[in-house]
2 protein chains.
Amino acid sequence: MARSRTETVLVTRWSGGERTRTPDELIVEEPMAIQLDGHLVATTMRTPGHDYELAAGFCLTEGLLAGEKVESVRYCATGSAMESAFNVVTVETGGRAPVPTARLTPITSSCGLCGSTELDTLMERLPPLPAAPPELTLARLAELAETALAGQPLFDVTGAVHAAVAFTTDGEVVVSREDVGRHNAVDKVVGRLLLDGRLPAHDLALAVTSRASFEIVQKAWSAGFPAVVAVSAPTALAVAAARRAGMTLAGFARAGRLNLYAPERLDP
Amino acid sequence: MARSRTETVLVTRWSGGERTRTPDELIVEEPMAIQLDGHLVATTMRTPGHDYELAAGFCLTEGLLAGEKVESVRYCATGSAMESAFNVVTVETGGRAPVPTARLTPITSSCGLCGSTELDTLMERLPPLPAAPPELTLARLAELAETALAGQPLFDVTGAVHAAVAFTTDGEVVVSREDVGRHNAVDKVVGRLLLDGRLPAHDLALAVTSRASFEIVQKAWSAGFPAVVAVSAPTALAVAAARRAGMTLAGFARAGRLNLYAPERLDP
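Along each chain, residues carry numbers from 1 onward, in the same order as the chain's sequence is written. Each chain is given a letter, starting from A, and each ligand a number, starting from 1, according to the order in which they appear as written. Per-residue local features are limited, in this predicted model, to residues with pLDDT of at least 70; the limit for side-chain atom pairs, both in listing and counting, is 80 or more; totals at the level of whole chains, interfaces and linings are taken over all residues. Hydrogen atoms and water are omitted, and side-chain values are computed over all heavy atoms in the structure.

Visitor: Quick rundown of the pattern of salt bridges? Include the residues and the values.
Guide: Between side chains of opposite charge, a pair can form when the charged atoms approach closely. Residue and element names in this part refer to chain A. Note on definitions: salt bridges are taken to be side-chain nitrogens of Lys or Arg within 4 Å of carboxyl oxygens of Asp or Glu. If you walk through the whole model with that rule in mind, you get 30 salt bridges over all chains. The partner of Arg140 in a salt bridge is Glu143, with the nearest N and O atoms 3.5 Å apart. With Arg140 and Glu143 both in helix H3 (residues 138–149) and three residues apart, the pair spans about one turn of that helix. Classification of Arg140 by relative accessible area gives partly exposed; the value is 22%. Glu143 gets classed as partly exposed once you look at its relative accessible area, which sits at 42%. Each helix corresponds to a stretch of at least 4 residues labelled H or I by DSSP, and each strand to a stretch of at least 2 residues labelled E; elements are numbered beginning at the N terminus. The buried label applies to any residue whose accessible area, calculated with a 1.4 Å probe on protein chains only, is under 20% of its type's maximum; exposed applies above 50%, and partly exposed to all values in between.

Visitor: An account of the pairing of strand S4 (residues 39–46) of chain B is needed here, citing residue identities and associated values.
Guide: Residue and element names in this part refer to chain B. Note: strand S3 (residues 30–36) against S4, seven bridges, orientation antiparallel. Each residue of the ladder has a partner; that of Pro31, found in S4, is Met45. For two strands to be treated as a pair, DSSP must find at least two bridges joining them. What sits between the antiparallel neighbours S3 and S4 is a turn of two residues, in which Asp37 has the positive phi angle 50°.

Visitor: Which residues make up the interface of chain A and chain B, and what values do they have?
Guide: Should any heavy atoms of two residues lie within 4.5 Å, those residues are counted as being in contact. Between chain A and chain B, the contact holds 77 residues from the first and 77 residues from the second. In short, buried area is how much 1.4 Å probe accessible area vanishes from two parts on joining, totalled over both. Across the chain A to chain B interface the summed buried area is about 5,800 Å²; carbon plus sulfur atoms make up 58%. Applying the counting criterion to the chain A and chain B interface returns zero salt bridges. For the side of chain A that touches chain B, the leading source of residues is strand S1 (residues 6–15) of chain A, giving eight residues. Here the side of chain A that touches chain B is built from residues that sort into 40 nonpolar, 21 polar and 16 charged. Here S1 of chain A runs beside strand S12 (residues 257–262) of chain B; their pairing, made up of four bridges, is antiparallel. In the strand pairing of S12 of chain B, Ser15 of chain A is matched with Arg257 of chain B. Amino acids are sorted into nonpolar (Ala, Val, Leu, Ile, Met, Phe, Trp, Tyr, Cys and Pro), charged (Asp, Glu, Lys and Arg) and polar (every other residue, Gly among them).

Visitor: Report on unusual backbone geometry, specifying residues and quantitative values.
Guide: All names here are of chain B. Along the chain, Leu199 connects to Pro200 via a cis peptide bond; the corresponding omega equals 0°. Along the chain, Pro200 turns up in the loop between helix H5 (182–195) and strand S9 (204–208). In this chain, Ala262 is followed by Pro263 through a cis amide linkage whose omega measures 0°. Topologically, Pro263 is positioned in the segment after S12. One non-glycine residue, Phe252, adopts positive backbone phi at about 50°.

Visitor: Account for helix H1 (residues 51–61) of chain A, with residues named and values stated.
Guide: All names here are of chain A. Burial of H1 is extensive: ten of the eleven residues sit out of reach of the surface. Within H1, burial applies to Asp51, Glu53, Leu54, Ala55, Ala56, Gly57, Phe58, Cys59, Leu60 and Thr61. Two residues or fewer past H1, Gly63 is found with a positive phi of approximately 75°.

Visitor: Give a detailed account of the pairing of strand S2 (residues 18–27) of chain A, specifying residues and quantitative values.
Guide: Residues and elements named next belong to chain A. By the bridge criterion, ten bridges tie S1 to S2 in an arrangement that is antiparallel. Of the residues in S2, the one forming a bridge with Val9 is Asp24. Linkage of S1 to S2, two consecutive antiparallel strands, is achieved through a turn of two residues, within which Gly16 is found at a positive phi near 60°.

Visitor: Residue-level account of the sheet that holds strand S10 (residues 227–230) of chain B, with values.
Guide: Picture the strands of a sheet paired through backbone hydrogen bonds; they go either parallel or antiparallel. Pairing in this open sheet of eight strands is mixed, and the strands run S2(A)-S1(A)-S12(B)-S11(B)-S10(B)-S9(B)-S7(B)-S8(B) from one edge to the other. In this open sheet, the two strands that pair with only one neighbour each are S2 of chain A together with strand S8 (173–179) of chain B. Pairs of neighbouring strands in the sheet enclose a mean axial angle of 25°, with direction left out of account. Where S9 of chain B and S10 of chain B come together, four bridges link them in parallel fashion. Here, axes are lines fitted to C-alpha atoms. For helices the fit covers the stretch in contact, and angles between N-to-C directions go from 0 to 180 degrees.

Visitor: Explain the relation of the copies chain A and chain B to me, and be specific about the residues and the numbers.
Guide: Copies of the same chain, two in number, are related to each other by a rotation about an axis and a translation along it. The atoms used to superpose the copies are C-alpha atoms, taken from residues with pLDDT of at least 70 in both, and the fit is least squares. Of the transformation superimposing chain A on chain B, the axial component is 0.0 Å and the angular component is 180°, with the fit at an RMSD of 0.0 Å. As the rotation angle and translation indicate, the two copies are arranged about a two-fold axis. With an isologous cut-off of 70% or more, the 100% of interface residues of chain A that recur at the interface of chain B puts this contact in the isologous class.

Visitor: Which residues make up the sheet that holds strand S7 (residues 162–168) of chain A, and what values go with them?
Guide: The eight strands lie next to each other as S8(A)-S7(A)-S9(A)-S10(A)-S11(A)-S12(A)-S1(B)-S2(B), forming an open sheet whose pairing is mixed. Looking at the sheet topology across the chains shown, the edges are occupied by strand S8 (173–179) of chain A together with strand S2 (18–27) of chain B. Averaged over all adjacent pairs, the angle separating strand axes in this sheet is 25°, with direction ignored. Those strands touched by helix H7 (residues 236–245) of chain A are strand S11 (248–254) and strand S12 (257–262) of chain A together with strand S1 (6–15) and S2 of chain B, and its axis lies near 65° from that of S12 of chain A.

Visitor: Break down the packing of aromatic side chains for me, citing the residues and quoting the values.
Guide: All names here are of chain A. Ring pairs shown here join Phe, Tyr and Trp side chains whose ring centres sit within 6.5 Å, with only the six-membered ring taken for Trp; geometry is labelled stacked below 30 degrees between planes, edge-to-face above 60, and tilted in between. Evaluation of the coordinates by the stated rule reveals two aromatic pairs over all chains. Pairing Tyr52 with Tyr75 gives two aromatic rings, centres 5.0 Å apart and planes at 50°, and the pair type is tilted. Of this pair, Tyr52 sits in helix H1 while Tyr75 sits in strand S5 (residues 72–75), and the two are 23 residues apart along the sequence. When its relative accessible area of 31% is taken as the criterion, Tyr52 is described as partly exposed. Residue classification places Tyr75 among the buried positions, given a relative accessible area of 17%.

Structure (structure tokens):
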């Protein structure tokens, strides 16, 4: 079902001391529940569209599939045409994925929880990444990221979405997705690659219009991207995670410049 | 315990065809678990600092307190000096808050989930807001938001955080908080007001440097802010929620201009 991803409202614009009435195009934000083999694993506020990719990508990047194959993805629509049925998506592995538990079990007074815990958990779950392709020099990375991220249709009309783009070392865009949530945009890209049998993404790089948080790096690592370029800043934990993963992580990528945060040093 | 909120790393900067090594200041991002009366209710990636405010504010804005008073907020630190003990915060109401359940119970095939469901849930839980103070004309709102959001120390050094600011109709800043997560910044502001006995915030307005998503409007509504100004765009669901709440919602607030999204119309 094609769902509208923008909505026009009349607003009062105030500018230069004048009030005018004008139409304004807003991004649509709707809750979507993701089920894995019948268990609810998440509810996310997302922009409708590419919902199967979002659900499959989320299950993969959060480590819920545990290596199992996705057999089917479908809406929880049972004959009813109600729109809300299209806000619940079920990912099926034939019951082979482990039954999902809460991300953190209830915490006792002997609890420990910190960035190192998160990194250790990732290291247990994910293999180190191969080196980024040598063609991805800093100059090329900055150039390709700029090209890949140019012209995002939903951003252009609403100014309210983030994009994620998987691209080749030749600069070819393989998948490009926009969403009101920056994590969702990455999950949609990863989900498309997963459903196309195109993972791990060892020969691709990922560009995001947002900051690079820990969770963005975790998701990219889960999908096997050896290189991630963000338009904005990374966090300290994202940099630590990328260095542990062996990932190339660049930030502040803008017109012919960027900062390289990982690896820690380039060979001369 | 004073925790560092930024961390300096050496990075490789690539600009104008030149590679240089330079220090770069990153925002710290650490997981924090929030417990309410001994039950884990959330784990959030946040910037350390103002953790009690974040925990108390989160419990309030998510409706978990159900009107009960916060008796104490403390770290889950039991004599151990380990840093990780400062990443778990417990909010106590003396067991009077209802035992938290998952936000969505497992979904059956007769499920319904959509933006209207979310709005109906809010309407049941939250009273309509009083009208925004009449002094808050559009001109004044744009001016005050700009002033309130000027000079955010963590953003200035890292470029990687969002700010939320509660201010009076006189332009006085009451609370100003920054965090790697935009929701966390709002929860920290609300938490401070809650712990100060300063809620509902009927005489204040809230400015955010981010977009106005549904959840930002929900949190502001829960705290009783009659007016919210965002530097960036709102989503369609955020506008629908603000109109249902009777909230004044402005977006794209920048140097002498803004768009008013709610109420739908101003009297002439």
